[in-house]
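Chains, contacts and geometry: an overview
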Amino acid sequence: MTVKIVYSETCLPLKNKMVAYIWEKFPKIEVETYDELHYKDKKKAIMIKASCGTRLVPFVAVYDNNKELIKAFYSEVGDCTADNIIKYLNEVQRSNNVGR
């Protein structure tokens, strides 16, 4: 699983909290971050946002191991919050551990 976070300077607290949480609780999940205002990240950030039909940041997309989008958290509808993302990751973790 890969979590891609597109952010800007105003979204740094969310990005930092999410990266720290994922690294601590889910070390097997890959995290990619893209600053939409940084010249090296801008093109990739635009591609990720465009593929999911969003314009606002922060934006978080979760991909499976086959690089297919499985969940997106949009700022436009207000669901791109640390609590929502953490809740989703915990639910995925619990469902993957059921029956093992």
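The structure this text deals with has already been given above.
Here's what I pulled together on the structure shown here. A quick note: this is a predicted structure, and the numbers were derived from the prediction, not measured.

On to the packing of aromatic side chains, then. Scanning the entire structure with this criterion turns up three aromatic pairs. Summarising the aromatic geometry, the rings of Phe 59 and Tyr 74 are spaced 5.2 Å apart at their centres and angled 55° between planes, so their arrangement reads as tilted. Placement of Phe 59 in strand 3 (residues 59-63) and of Tyr 74 in the loop between strand 4 (69-73) and helix 3 (82-97) is noted, with a sequence separation of 15 residues between them. Of the residues examined, Phe 59 reaches a relative accessible area of 0% and is grouped as buried. Residue classification places Tyr 74 among the partly exposed positions, given a relative accessible area of 22%. Each ring, one from Phe 73 and one from Tyr 88, has its centre 5.8 Å from the other, and the planes form 70°; the classification is edge-to-face. Here Phe 73, found in strand 4, pairs with Tyr 88, found in helix 3; they are 15 residues apart in sequence, far enough to count as distant. Exposure remark for Tyr 88: the relative accessible area of 17% places this residue in the buried category. The ring centre of Tyr 63 lies 4.6 Å from the NZ or CZ of Lys 4, which sits over that ring.

Before going further, it helps to examine the pattern of salt bridges. Applying the stated criterion across every chain, the model contains three salt bridges. Residue Lys 4 pairs with Glu 32 through a salt bridge whose shortest N-O separation is 3.9 Å. Residue Lys 4 is found in strand 1 (residues 2-7), and its partner Glu 32 is found in strand 2 (residues 30-35); the two are separated by 28 residues along the sequence. Of the two residues, Lys 4 and Glu 32, neither departs from the other in class, the shared state being buried.

Another point: the sheet that holds strand 1. Reading across from one edge, 2-1-3-4 is the order of the four strands in this open sheet, with mixed pairing throughout. Two strands lie at the open edges of the sheet, namely strand 2 and strand 4, each paired on one side alone. Strand-to-strand twist of the sheet, defined as the mean angle between neighbouring strand axes without regard to direction, takes the value 15°. Sheet topology places strand 1 next to strand 3; five bridges connect them, and they run antiparallel. Paired with Lys 4 across the bridge in strand 3 is Ala 61. Sitting on the sheet, helix 3 is in contact with strand 1, strand 3 and strand 4, with an inclination near 155° to strand 4.

Here we take up the environment of Cys 80. Along the chain, Cys 80 falls in the loop between strand 4 and helix 3. The class of Cys 80 is buried, set by a relative accessible area of 9%. Residues Cys 80 and Leu 14, 66 residues apart in the sequence, show an inter-C-alpha distance of 9.2 Å. Setting aside its immediate chain neighbours within four residues, Cys 80 contacts Leu 14, Pro 58, Phe 59, Val 60, Phe 73, Tyr 74, Ser 75 and Ile 85.

Rules and cut-offs
- Residues numbered from 1 in each chain as written.
- Predicted model: local features only at pLDDT ≥ 70, side-chain atom pairs only at ≥ 80, totals over all residues.
- Heavy atoms only, no water.
- Phe/Tyr/Trp six-rings, centres within 6.5 Å; stacked < 30°, edge-to-face > 60°.
- Helix = DSSP H or I, 4+ residues; strand = E, 2+ residues; numbered from the N terminus.
- Buried < 20%, exposed > 50% of the residue type's maximum accessible area, 1.4 Å probe, protein only.
- Lys NZ or Arg CZ within 6 Å of the ring centre and 35° of its normal.
- Salt bridge = Lys/Arg side-chain N within 4 Å of Asp/Glu carboxyl O.
- Pairing = 2+ DSSP bridges.
- Axes fitted to C-alpha atoms, helices over the stretch in contact; angles between N-to-C directions.
- Contact = heavy atoms within 4.5 Å.

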